[in-house]
Amino acid sequence: MTTRRNAFVGPSARIETEDGLYSEDEVRLANRNSGVLLESLSKDITPTGLHYLLNHFDVPMLDADTHVLRFSGAFSAPFELSMADILALPTVTRAVTLECAGNGRANVSPRSHSMPWMYEAVGTSHWTGTLLKPLIEKADPSGDVVEFSFLGADFGFDQGVGHHFGRSLTRDQLDDVMLVHSMNGQPLLPQHGAPLRLIVPGWYGMASVKWLTEIEALTQPYEGFQQIEVYRFRDAAGEPGRPVTTLRVKSLMVPPGVPDWGTRQRYLDPGRVELVGRAWSGGGVPIAKVEVELDGAWKTARLEPSGETYAWTKWSCVWEATTGFHVLRCRATDAEGHKQPLEPPWDLAGFGNNAAQKVQVVVGPL
Ligand SMILES: Nc1nc2c(c(=O)[nH]1)N[C@H]1C(S)=C(S)[C@@H](COP(=O)(O)O)O[C@H]1N2
Ligand SMILES: [Mo]
């Protein structure tokens, strides 16, 4: 192997902190979850082992042979389903892009105590299962039902409140929601919700409850902690906030060239480079345009729609890279005219940061 010195690549500076240590709580939490590697954005489907992970509590080690999904509450014909029952139902497979609502939080100040994502809490999988709505209809909710809650098997504490991870949807939010047992043609892995999870296409990831054990029909709005406390856009602590729901329009690129280990800054030979990336929006709204900022000018990228309503769209754009320092950015616009902002939209918990990605590139002979 060769080692090379390069005039363009300086030694990485060590970053000094007050006591030389990371915050113990933050490191412990960050090491339990993981983000996608941006180079895998070159693929339509994120390899399963690279899909980001966001687990609030411990991963329940459930047994598919004994697992039961229970319908409860204000249903007139409630029932229980084993995994064998669920596997025997009509099957649907869809490519769906999942993104964590906290993706981008690391670029919003002050930081909130949660995963320090920059760009990497996103991925697209082929999810296989069955549609939820026919099952809800079969269980026959009474006329005064307003919401359905979805409960995970995982239990823990947040701000002193013990709870199972749970979320709810209203009656008119059930279209296209899936009960999922497989990811990319394999049974779900424990960390992705085995043996059964919800996939709520077009929404931020928190709606897609993993380790699903119970669906309850409610005649009052759900007051679970993850619904009314955690996933809210807030300007100040203590206010009720607005619920986090569908994905905001966003795009990312595969950082071109090769990295410096310590800083992840990119290094690239001069010449023609094809930049590629992905763009997506929420609620099934297609991507209308992706622009890439190259040396101060926004160039329109080529789009390759996937044909899947809820999966990201591939884009590509040619760049003639010239010697020097460059900051590349990409920004998407969806078919409803929503366009990514250049600066992070501010939120107390750093939710919904869909600002244009910035990639620093040094171009020079390598
Ligand atoms: N039961 C349960 N479901 C959950 C979570 C959780 O902690 N517990 N995390 C949610 C969040 S915040 C996200 S972003 C997605 C992440 O799914 P993944 O880990 O399969 O990528 O799962 C959601 N479903
Ligand atoms: Mo999330």
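- Taking an unreviewed UniProt entry as the reference, the protein is identified by name as Molybdopterin-dependent oxidoreductase belonging to Pseudohoeflea coraliihabitans.

## Concerning unusual backbone geometry
Glycine aside, the phi torsion of most residues is negative, and most peptide linkages are trans.
Right, on to step 1. Looking along the chain, the bond that leaves S109 and enters P110 is cis, with omega of -5 degrees.
Right, on to step 2. Of note, D140 is a non-glycine position whose phi angle comes to about 60 degrees, a positive value.
Right, on to step 3. Mapped onto the secondary structure, D140 falls in the loop between α3 (133-139) and β5 (147-158).
Right, on to step 4. D140 sits in the partly exposed class, given a relative accessible area of 37%.

## Side note on the sheet that holds strand β6 (residues 161-170)
Right, on to step 1. Read from one edge of the open sheet, five strands run β2-β1-β10-β5-β6, paired in mixed fashion. Two strands in the sheet have a free side with no partner beyond their single neighbour: β2 (80-82) and β6. In this sheet, adjacent strand axes meet at a mean angle of 25 degrees when their direction is disregarded.
Right, on to step 2. Examined bridge by bridge, strand β1 (residues 68-73) and strand β10 (residues 212-218) share four bridges and lie parallel to one another. In the sheet register, F71 faces β10, and the bridge partner there is I215.

## A few points about the UniProt feature "domain: Oxidoreductase molybdopterin-binding" (unreviewed entry) in the protein
Right, on to step 1. In the numbering adopted here, UniProt assigns the feature "domain: Oxidoreductase molybdopterin-binding" (unreviewed entry) to residues 56-225.
Right, on to step 2. Summarising residues 56-225: 8% helix, 39% strand, and an end-to-end C-alpha distance of 12 Å.

## Focus: the pattern of salt bridges
Right, on to step 1. Using the criterion set out here, one finds 15 salt bridges in the structure.
Right, on to step 2. For the salt bridge of K250 with E99, the shortest nitrogen-to-oxygen distance reads 2.8 Å. With K250 in strand β13 (residues 250-253) and E99 in strand β3 (residues 92-99), the pair connects residues that are 151 residues apart, well separated along the chain.
Right, on to step 3. For E99, a relative accessible area of 1% puts it in the buried group.
Right, on to step 4. Notably, a salt bridge pairs E291 with K289, separated by 4.0 Å at the nearest N-O pair.
Right, on to step 5. Classification of K289 as partly exposed rests on a relative accessible area of 32%.
Right, on to step 6. One connected set of salt bridges, linked through shared partners, spans K289, E291, R331 and K339.

## Observations regarding the pairing of β13
Right, on to step 1. Burial along β13 is two-sided: K250 and L252 facing one way and S251 and M253 facing the other are all buried.
Right, on to step 2. Summarising the sheet, β13 and strand β16 (residues 271-280) pair through four bridges and their orientation is antiparallel. Within the sheet, the bridge partner assigned to L252 lies in β16 and is R278.

So, how was this worked out
Residues numbered from 1 in each chain as written. Chains lettered and ligands numbered in written order. Predicted model: local features only at pLDDT ≥ 70, side-chain atom pairs only at ≥ 80, totals over all residues. Heavy atoms only, no water. Helix = DSSP H or I, 4+ residues; strand = E, 2+ residues; numbered from the N terminus. Buried < 20%, exposed > 50% of the residue type's maximum accessible area, 1.4 Å probe, protein only. Pairing = 2+ DSSP bridges. Axes fitted to C-alpha atoms, helices over the stretch in contact; angles between N-to-C directions. UniProt positions renumbered as here; feature names shortened; annotations may be inferred. Salt bridge = Lys/Arg side-chain N within 4 Å of Asp/Glu carboxyl O.

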